[in-house]
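Residue-level structural notes
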Amino acid sequence: MGKYFEINNLVLDFKTIDGDFRALNIDHLDIDNGESFGIVGESGAGKTVLALTILGLLPPTAVRIRSGEILLEGTDLLKLGKKELMNIRGKKIAMIFQDPMSSLNPVFTIGRQMEDVIRCHRKISRANARAEAIKAIETVRLPDAESCLGKYPHQLSGGQRQRIVIALALSCKADFLIADEPTRNLDVTIQAGILKLIDELRKELGITVLYISNNFSLASVVCSRIAVLRKGSIVECGAREEIIGHPQDEYTKLLLKVGE
Ligand SMILES: Nc1ncnc2c1ncn2[C@@H]1O[C@H](COP(=O)(O)OP(=O)(O)OP(=O)(O)O)[C@@H](O)[C@H]1O
Ligand SMILES: [Mg+2]
């Protein structure tokens, strides 16, 4: 039996006017079912590019995948067609994007957006979708779910908005959650609450989490294992305590120092 999630020999180039730019070169990475795995690297290391590659969201006109496989429960995501990928996104893999402020549409109420997302993936009535949306809001510990549905994104705080984004991501029962710096634009006090929520939901719902950050202290709150990404390659990977307590690679040491 293979791993829940696995990347092997992935090499990805961006096509640019100056020629190819190697954005990813990952020999191997694997994640267990139910694990919370972290990828840490500085800005520009390729973290978001990796997340978008897993989801098949990079335009084929912009990138060239030279080699590799991305296996989710044995299925190579790189070999899937558009329709199959659409099915996997949301239903199987959900993503929380880097900027919670831009993940929600400002002109629609939270209720409308949640119902639309739920109905996009499942054939259910608007009334049932509303009931599901209320359940999802309760799951992310927001009080008064009913009144939340009637609000517009700007009527919520940054932390509340990010909870809604998490509720949206999980409303279609995906079991692999990719969280790309989910707390980047939030106050430090709010960050801790969101990370705690992600970890609680992982245990409660039995989902697997790929958590992406440029910050070791944030990653160590939620991740049991961490891989360090530098210029698209993994320079070091291991248990959280090992990476943070006894880093082997010079780059990891430097990153840890900067974060102190
Ligand atoms: N469409 C594109 N064309 C060419 N290069 C790109 C494109 N998108 C991203 N890149 C390059 O790929 C590299 C990785 O970018 P990426 O957005 O994955 O970084 P990141 O690790 O997520 O950084 P951050 O912490 O700032 O979010 C960068 O050098 C970036 O300039
Ligand atoms: Mg990024």
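Notes on the structure follow. (Residues numbered from 1 in each chain as written. Chains lettered and ligands numbered in written order. Predicted model: local features only at pLDDT ≥ 70, side-chain atom pairs only at ≥ 80, totals over all residues.)

**Quick look at the pairing of strand β10 (residues 233-239)**
How we decide: A pair of strands is labelled paired if DSSP reports no fewer than 2 bridges between them. Each helix corresponds to a stretch of at least 4 residues labelled H or I by DSSP, and each strand to a stretch of at least 2 residues labelled E; elements are numbered beginning at the N terminus.
Note: strand β9 (residues 225-230) against β10, 6 bridges, orientation antiparallel. If you follow Arg225 over to β10, its bridge partner there is Ala239. Hairpin connection, β9 to β10: the antiparallel pair is bridged by 2 residues, and Lys231 has positive phi, about 45°.

**Considerations on the site of ligand 1**
How we decide: Whether a residue is near a molecule or strand depends on its C-beta atom, generated from backbone atoms, being within 6 Å of that molecule or strand. Only Asp, Glu, Lys and Arg are considered charged, only Ala, Val, Leu, Ile, Met, Phe, Trp, Tyr, Cys and Pro nonpolar, and every remaining residue, Gly among them, polar.
Taken together, 15 residues form the shell around ligand 1, and within it Phe14, Ser43, Lys47, Thr48 and Val49 come nearest. Of all elements in the fold, only β1 (5-16), β2 (19-31) and α1 (47-54) reach the threshold of two or more residues within the shell around ligand 1. In terms of residues, the shell around ligand 1 owes the most to one element, α1, which gives 3 residues. Across the shell around ligand 1, the residue classes tally to 6 nonpolar, 8 polar and 1 charged.

**Brief notes about the packing of helix α4 (residues 110-121) against helix α5 (residues 126-139)**
Note the threshold: In this analysis an axis means a line fitted to C-alpha atoms, helices contributing only their contacting stretch, and an angle means the value between N-to-C directions, from 0 to 180 degrees. Between 65 and 115 degrees an angle is taken as roughly perpendicular, under 35 as roughly parallel, over 145 as roughly antiparallel, and anywhere else as oblique. Distance between backbone-placed C-beta atoms decides contact: two residues are in contact if it is within 7 Å.
In the contact formed by α4 and α5, the axes pass within 9 Å of each other and the chain directions differ by 110°. Viewed along their axes, α4 and α5 adopt a mutual orientation that is roughly perpendicular. Of the residues in α5, those touching α4 at Gly111, Met114, Glu115, Ile118 and Arg119 are Arg126, Ala129, Arg130, Glu132, Ala133 and Ala136. Each residue belonging to the contact of α4 with α5 can be placed in one class, and the counts come to 5 nonpolar, 1 polar and 5 charged.

**Structural notes on the sheet that holds strand β4 (residues 63-72)**
An order of β2-β1-β4-β5 is seen for the 4 strands of this open sheet, with the pairing classed as antiparallel. Each end of this open sheet is capped by a strand with a single partner; those strands are β2 and β5 (75-76). Across 2 bridges, the pairing between β4 and β5 is antiparallel. Bridge pairing in β5 links Leu71 to Asp76. This element, α1, spans β1, β2 and β4 of the sheet and lies at about 70° to β2.

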